[in-house]
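# Fold and geometry: a report
For reference, the chains in residue letters:
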Amino acid sequence: MERQLICISCPIGCRLQASWTDETDITIEGNQCPRGEIYGREEVLAPKRVVTATCMTAGSPMGTEVRRVSVKTDAPLPKEHIDSLLDTLYSMKIPLPVETGQVLLANIGGTGVNLVATRSM
Amino acid sequence: MTEKKYDSVIIGGGSAGMAAACRIAEAGYSCAIVERETALGGILNQCIHNGFGLHHFKEELTGPEYAERFIQAVKDKGLDVYLETTVMDIEDTGSMKSFYGYSSVYGLLHFSCRSIVLAMGCRERNRGNIGTPGTRPSGIFTAGLAQRLVNIDGYIPGKKIVIVGSGDIGLIMARRMTWVGTEVLGVVEIQPYPAGLTRNIVQCLTDFNIPLHLSHVVSKIWGKERVEGVRVSPVGTEEGGNRASFDLDCDTLLLSVGLVPDNEISKKAGVDLNPETGGALVDSRLMTSVEGIFACGNVLHVHDLVDFVTEESQRCGEAVCHYLKGVAPGRQYRTVSGANVKYVLPNMYNPDGDNRFYLRPLVVKNGAELVVKIEGREVIRKKLRHVQPSEMVSFTLDREEIPSLESSRGNTLETGIL
Ligand SMILES: Cc1cc2nc3c(=O)[nH]c(=O)nc-3n(C[C@H](O)[C@H](O)[C@H](O)COP(=O)(O)OP(=O)(O)OC[C@H]3O[C@@H](n4cnc5c(N)ncnc54)[C@H](O)[C@@H]3O)c2cc1C
Ligand code: SF4
């Protein structure tokens, strides 16, 4: 089997050529760095993406402006978990204060990936 | 009215302003940042996606994370920061500059300083600038405004969305709007190639099967009160009359049709602008045509990567320190853009120092070469892997690479892409 891919691990965007006869032995060509090889293999076997979004806050302690806190997954999440993560995170209310890097949701769907805050508020 | 006096004041507290201010404070000069919004960070605060800092921090950060590292540095250095303060009317009185800051927190402030750094960022082009005919219903937003509404205020601007322009902000918003549960019907781009990065085409459009209509324009907008639909036509055909045109039922249009440096207050200060960039004309120190007023970041020229903004602004901060110390370059000569180059910055170079340049290509090309000449003599020839207008190119010209120059000649430096 063969597939043309574009590495999304950095802005260079190398064009990758993935070829394999059985899925335990995938060759990647066209990558300019080792990250491209990892990406190419994962993209064929089990595609993953980093998810970024914002969550509601439970209101600031001073009762001032209500703002949203930005969040991300701390590693790429297998694509099939993205929709249910989005449903969950939009229903969450994050109590303040919150620190950058603070885990808001641990081990999403048993993947080992966490949802963390990306802004201190 | 309160009087404030500093060696240098930075107008705008985005990534550019913060980086310049830190450098100036590190050298021991008194320095303040004046920022209109309630927090430092500028546009980074609404760019919640990742992809920032790969060059500068060697890791992939989201916009707020990148901003927070500089906000911390600003705090650590004990810089004075005036939030919720808008700068108007800069006055140049020779060795001293002065301006007013209007603030809901501090009231009216009057600043006097020996130097100013312009770091006000850019504005988005809006529909007026692209001139799409049709009615004037609501439901038309610039992509950056929509980004702010969704990410900071939690307000979702519509249900069925068409995006005009394939710049990175538009692409990032296509994914964002899909992830908040709205339907993105397509992205319409007038050029035959996308304006944004390939990785953003993949992860923001292909991942969600969002069609990208290259060489197409939105030729008509319907709707009385709210947008009800648009006509999408191939470039070069008359609106309506061609079979290849098609209609999309949407309630919202997001415009991602470019950014322009925000130089309203610079103009009032007498700063000369460059029609190619919309930013100031600057010498090798990033000093504008007004002595003591410098510029860096998106107010100078629109950057696609924040890492370059940081680098440019740190050098600007160093140049301000030299200026405050009374050190000036002995001679400077002009730079001009040659083949396939839209612009090259700065507009002057210093043959007795190291120079760093930024240029914007006019073409999409693989295996291109950068060629730099002084007085027709080639001083740099360098392979560039791939160039395209959406990706800025940077290069350095060290003192050792510059041949001895006769002062009787123009010694203009010309940069081209072959
Ligand atoms: C929407 C968008 C998405 C981007 N996405 C990416 C990306 O994915 N990766 C990447 O590396 N780069 C990205 N960039 C590029 C990069 O982040 C920006 O170019 C950079 O952050 C700009 O910094 P700046 O300080 O020049 O401008 P800004 O961040 O805009 O800061 C200017 C500041 O000046 C203030 N100001 C303006 N006028 C006044 C006044 N009169 N008085 C007081 N304050 C004033 C404003 O409030 C603002 O805070 C993006 C840019 C934009 C616009
Ligand atoms: S292979 Fe390496 S250099 Fe190429 S896009 Fe991927 S991460 Fe970037």
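Going by the structure above, here's the rest.
The sections below set out a description of the structure shown in this document.

## Some details on a nonpolar patch on the surface
Taken together, Met1, Met88, Tyr102 and Leu108 of chain B make up a surface patch of nonpolar side chains, about 390 Å² in accessible area. Among the secondary structure elements, Met1 of chain B is positioned in the segment before strand S1 (2-11).

## Some thoughts on helix H8 (residues 306-325) of chain B
Helix length check: H8 of chain B, at 20 residues, gives a terminal C-alpha distance of 29 Å against a target of 28 Å (1.5 Å per residue), a fit within 8%. Just downstream of H8 of chain B lies Gly326 of chain B, where phi reads positive at about 90°.

## Quick word on the sheet that holds strand S10 (residues 115-117) of chain A
All names here are of chain A. What the five strands build is an open sheet, ordered S8-S5-S6-S10-S9; its pairing is mixed. Because the sheet does not close on itself, it has two edges, and the strands there are strand S8 (93-94) and strand S9 (103-105). Bridge analysis of S9 against S10 gives two bridges, and the strand direction is antiparallel. Its bridge partner lying in S10, Leu105 is registered against Leu115. Packing of helix H2 (residues 82-91) onto the sheet brings it into contact with strand S5 (52-57), strand S6 (69-73), S8, S9 and S10, and relative to S5 it is tilted by some 25°.

## Thoughts on the pattern of salt bridges
Scanning the model with the defined rule gives 27 salt bridges over all chains in all. With its nearest N and O atoms 3.1 Å apart, the salt bridge here joins Asp207 of chain B to Lys79 of chain A. Here Asp207 of chain B is found in the loop between helix H6 (198-204) and strand S13 (212-213), whereas its partner Lys79 of chain A is found in the loop between strand S7 (77-78) and H2 on a different chain. Connected through shared salt-bridge partners, Glu43, Arg49 and Lys79 of chain A together with Asp207 of chain B make up one network.

## Section: the site of ligand 1
All names here are of chain B. The immediate surroundings of ligand 1 are formed by 33 residues, with Ala16, Glu35, His49, Asn298 and Val306 found nearest. Contact distances for ligand 1 include 2.9 Å between an oxygen atom and a side-chain N or O atom of Ser15. The separation between a nitrogen atom of ligand 1 and a polar main-chain atom of Asp304 is 3.1 Å. For ligand 1, whose unbound accessible area comes to 1,000 Å², protein coverage reaches 93%. Elements supplying a minimum of two residues to the shell around ligand 1: helix H1 (15-26), strand S3 (50-52), strand S6 (85-93) and H8. Of the residues forming the shell around ligand 1, the biggest block, three residues, is contributed by S6. Residue composition of the shell around ligand 1, by class: 15 nonpolar, 14 polar and four charged.

Rules behind the numbers
- Residues numbered from 1 in each chain as written.
- Chains lettered and ligands numbered in written order.
- Predicted model: local features only at pLDDT ≥ 70, side-chain atom pairs only at ≥ 80, totals over all residues.
- Heavy atoms only, no water.
- Patch = residues over 30% accessible without salt bridge, like charges linked within 9 Å, V, L, I, M, F, W, Y side chains within 5 Å.
- Areas by Shrake-Rupley, 256 points an atom, 1.4 Å probe, with all protein chains shown as cover.
- Salt bridge = Lys/Arg side-chain N within 4 Å of Asp/Glu carboxyl O.
- Helix = DSSP H or I, 4+ residues; strand = E, 2+ residues; numbered from the N terminus.
- Expected span 1.5 Å × (residues − 1).
- Pairing = 2+ DSSP bridges.
- Contact = heavy atoms within 4.5 Å.
- Axes fitted to C-alpha atoms, helices over the stretch in contact; angles between N-to-C directions.
- Near = heavy atom within 4 Å.
- Polar contact = N/O pair within 3.5 Å; in protein donor to acceptor, adjacent residues only side chain to side chain.
- Nonpolar A, V, L, I, M, F, W, Y, C, P; charged D, E, K, R; others polar.

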